[in-house]
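Each chain, letter by letter, is given below.
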Amino acid sequence: MKPGLEVPILLLGYNRPDLMTGLINVLRGLRPLCVYVSLDGPRAHKAGDHERCQATRDVIANQIDWPCQLH
């Protein structure tokens, strides 16, 4: 097993679970040891925004599958 990237990573996201999936797939190859996450919340007036924001959070929770500190 190769060692992980020692530089902390900050993931910024909103309501694009497909793009977050692609980003996590790239990060999986680097295996950062520390990942910080900041996600904007859904807009009340935008239909479907809540579901897409939740799907983005789910991607992060379910697809970061290497040992790291997740904040």
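Look a little higher up for the structure.
Presented here is a report on the structure given in the accompanying data block. (Residues numbered from 1 in each chain as written. Predicted model: local features only at pLDDT ≥ 70, side-chain atom pairs only at ≥ 80, totals over all residues. Heavy atoms only, no water.)

1. Here's the deal with the pairing of strand 1 (residues 9-13)
Side chains Ile-9, Leu-11 and Gly-13 of strand 1 all project onto a buried face; the interleaved residues Leu-10 and Leu-12 project onto a face where none is buried. Strand direction decides the pairing type here: strand 1 and strand 2 (residues 34-39), joined by five bridges, are parallel. Across the sheet, the residue bridging to Leu-12 is Ser-38, located in strand 2. Regarding the hand of the β-α-β motif, the stretch spanning strand 1, helix 1 (residues 17-30) and strand 2 is right-handed. (Buried < 20%, exposed > 50% of the residue type's maximum accessible area, 1.4 Å probe, protein only. Helix = DSSP H or I, 4+ residues; strand = E, 2+ residues; numbered from the N terminus. Pairing = 2+ DSSP bridges. Right-handed = clockwise from strand over helix to strand, strands pointing away.)

2. Brief notes about the pattern of salt bridges
As enumerated under the stated definition, the model contains three salt bridges in all. Put simply, Arg-43 and Asp-49 hold a salt bridge, and the shortest N to O gap is 3.3 Å. Using a relative accessible area of 0% as the deciding quantity, one classes Asp-49 as buried. One network of salt bridges, with partners in common, ties together Arg-43, Asp-49 and Arg-52. (Salt bridge = Lys/Arg side-chain N within 4 Å of Asp/Glu carboxyl O.)

3. Overview of the nonpolar core
Grouped together as the largest cluster of nonpolar side chains are ten residues: Ile-9, Leu-11, Met-20, Ile-24, Leu-27, Val-35, Val-59, Ile-60, Ile-64 and Trp-66. Those elements giving two or more residues to this core turn out to be strand 1, helix 1 and helix 2 (49-63). Trp-66 has contacts with Ile-24, Leu-27, Arg-28, Arg-31, Pro-32 and Val-35, leaving out every residue within four places of it along the chain. (Core = buried A, V, L, I, M, F, W, Y, C linked by side-chain atoms within 4.5 Å. Contact = heavy atoms within 4.5 Å.)

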